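Coordinate inspection notes
Each chain, written out:
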Amino acid sequence: MAAKLIKGAEVAKEIRAELKEEVARLKEKHGVVPGLVTILVGENPASQSYVRAKQKTAHELGFYSVQDDQPADISEETLLGLIDKYNKDPKIHGILVQLPLPKHINETKILYAIDPDKDVDGFHPVNVGKLMIGEANYLPCTPFGIQELLIRSGTQVEGAEAVVVGRSNIVGKPIAMMLVQKGPGANATVTVCHTRTKDIAFHTKRADILIVAAGVPEYIKGDMIKPGAVVIDVGVNEVGRTPEGKRILKGDVAFDEAKEVASAITPVPGGVGPMTITMLMKNTVKACKVLNNIND
Ligand code: GUN
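Summarised in this report is the structure supplied together with it. Residue positions within a chain follow its written sequence, with the count starting from 1. In keeping with the model being predicted, local features are shown solely for residues with a pLDDT of at least 70 and side-chain atom pairs are shown and tallied solely at 80 or more, while totals for entire chains, interfaces and linings include all residues. Just so you know, side-chain values use all the structure's heavy atoms and leave hydrogens and water out.

1. Some thoughts on the sheet that holds strand 5 (residues 161-165)
Here we have six strands laid out as an open sheet, ordered 1-11-8-7-5-6, and parallel in their pairing. What marks the edges here is a single partner per strand, and that holds for strand 1 (4-5) and strand 6 (189-193). In short, DSSP must find at least two bridges between two strands for them to pair. Runs of H or I in DSSP of at least four residues are treated as helices and runs of E of at least two as strands, each being numbered from the N terminus. Examined bridge by bridge, strand 1 and strand 11 (residues 264-265) share two bridges and lie parallel to one another. Counted as the bridge partner of L5 is I265 from strand 11. By definition in these notes, contact holds between two residues if any of their heavy atoms fall within 4.5 Å. All axes here are fitted lines through C-alpha atoms, helices being fitted over the stretch that makes contact, and every angle between N-to-C directions spans 0 to 180 degrees. On the sheet, helix 7 (residues 172-179) packs against strand 5, strand 6 and strand 7 (209-212) and is oriented at approximately 170 degrees with respect to strand 5.

2. Focus on unusual backbone geometry
Cis geometry is found at the peptide bond from L99 to P100, where omega equals 0 degrees. Assignment of secondary structure puts P100 in the loop between strand 4 (94-97) and helix 4 (107-113). The step from V268 to P269 runs through a cis peptide bond, and the omega angle for that step is 0 degrees. Along the chain, P269 falls in the loop between strand 11 and helix 10 (272-291). For N187, which is not glycine, the phi torsion reads 60 degrees and is therefore positive. Tracing the backbone shows N187 in the loop between helix 7 and strand 6. At N293, a residue that is not glycine, the phi angle is positive and equals roughly 55 degrees. Tracing the backbone shows N293 in the segment after helix 10.

3. A few points about the layout of surface pockets
A cavity here means a set of 1 Å grid points, computed over protein atoms only, where a 1.4 Å probe fits but cannot escape. A pocket is an open set with protein on both sides within 12 Å along at least 5 of 7 lines, and lining residues have an atom within 4 Å of a point. Grid points are joined across faces, edges and corners, and a volume is the space filled by probe spheres set on the points. Taken as a whole, the largest pocket spans an internal volume of roughly 1300 Å³. Every residue lining the largest pocket is counted, 46 residues in all, and those nearest its centre are Y50, T142, V234, V236 and T276. Secondary-structure elements contributing two or more residues to the lining of the largest pocket are helix 2 (45-60), strand 4, helix 6 (141-152), strand 10 (247-250) and helix 10. Looking at the lining of the largest pocket, the element that brings in the most residues is helix 2, giving nine residues. When residue character is reported, Ala, Val, Leu, Ile, Met, Phe, Trp, Tyr, Cys and Pro are called nonpolar, Asp, Glu, Lys and Arg charged, and the others, Gly included, polar. Here the residues of the lining of the largest pocket are counted per class, giving 24 nonpolar, 14 polar and eight charged. Taken as a whole, the second largest pocket encloses approximately 470 Å³ of empty space. If you trace the second largest pocket, you find 19 residues lining it, with L111, F123, V128, N169 and I170 closest to the centre. Secondary structure elements with two or more residues in the lining of the second largest pocket: helix 4, helix 5 (125-132) and helix 7. In terms of residues, the lining of the second largest pocket owes the most to one element, helix 5, which gives six residues.

4. Examining helix 2
Residue count minus one, scaled by 1.5 Å, sets the expected span of a helix. An ideal rise of 1.5 Å per residue puts 22 Å on 16 residues; helix 2 measures up with 23 Å between its terminal C-alpha atoms. For helix 2, the set of buried residues is S47, V51, K54, Q55, T57 and A58. Axial view of helix 2: buried residues confined to an arc of 165 degrees, hence all on one face. Among the exposed residues of helix 2, those oriented more than 90 degrees off its buried face are P45, R52, K56 and H59. Taken together, the buried residues of helix 2 touch helix 1 (8-30), strand 2 (35-41), strand 3 (64-70), strand 4 and helix 10. Here a polar contact means two N or O atoms within 3.5 Å. Within protein one must be a hydrogen donor candidate and the other an acceptor candidate, and residues neighboring in sequence count only if both atoms are side-chain atoms. Between the side-chain oxygen at the start of helix 2 and the backbone nitrogen of A46 there is a gap of 2.9 Å, and the oxygen is on N44. G62, located one to two residues past helix 2, shows a positive phi value of around 90 degrees. Type-normalised accessible area, obtained with a 1.4 Å probe on protein chains alone, sets the label of each residue: buried when under 20%, exposed when over 50%, and partly exposed for intermediate values. Of all possible arcs, the one meant is that of the directions from the helix axis to the C-beta atoms.

Right under this line is the structure:
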């Protein structure tokens with residue numbers, strides 16, 4: 001039996017329509033416009049394309065949006081100065097520094113510099129810590145999108161065996177921490193697998209919910225999946241180009257095999273990806289309200 005597709009692109013569209021209305025309401029009732037700055041250092045093509053997509057969406061929703069491109073050889077001090085400027089800018093409610101940063105810049109130091117109230121990525125240690133104790137301000141966008149997809153697809157998360165493959169700070173660790181919390185779309189029993197895990201398949205075959213953020217194209221094969229599992233594929237791997245130059249993307253899951261075993265699965269593209277950007281917008285609207293003391 002073929003699995004049901006969890007179409008993130010469609011869910012994202014619904015949430016964006018809700019956000020667009022909220023942005024219009026905030027403008028009319030409170031005279032405020034959510035402001036987002038995306039800072040891109042260097043010319044990594046994948047980062048450029050992600051940042052462009054974030055700016056485009058912000059624009060479509062009626063945000064005040066600023067794209068700040070900086071050269072790859074920018075000093076740490078200059079970048080810190082830039083963040084300080086946006087921390088103080090009342091028109092800006094969300095600050096996003098696209099990762100990864102060039103090697104000469106200390107990523108942690110940069111993330112520490114962002115005002116936690118404007119940290120719409122949820123990467124500041126204060127926000128990471130709050131997530132751990134169940135008091136999250138801003139959830140990191142990809143895990144937030146994954147949880148929303150689980151909820152909106154009617155997946156039973158409570159009591160489920162959830163297995164996460166990958167332990168990055170951006171996806172693996174935060175989604176594991178979110179699923180183990182008390183609350184809707186959580187209360188799961190969580191296992192985190194990584195490059196030093198002895199027998200990955202042993203774990204993945206037990207998963208009612210399998211979340212894969214390994215960064216390896218088609219790493220999870222059909223026979224590594226429990227029949228009836230819900231599979232969330234976070235991978236976005238460029239494996240080539242069409243003759244027209246379009247990117248050919250593959251997930252971390254061998255989709256054609258997996259869809260015969262799973263009960264539901266996210267496609268790549270059109271699954272988790274569009275949700276990430278949408279949740280960034282949701283966080284920015286929230287930041288705008290918090291910073292302006294708006295409660296309605
Ligand atoms: N690089 C890959 N994913 C992300 C993300 O969600 N936020 C930022 N800032 N950089 C990223």
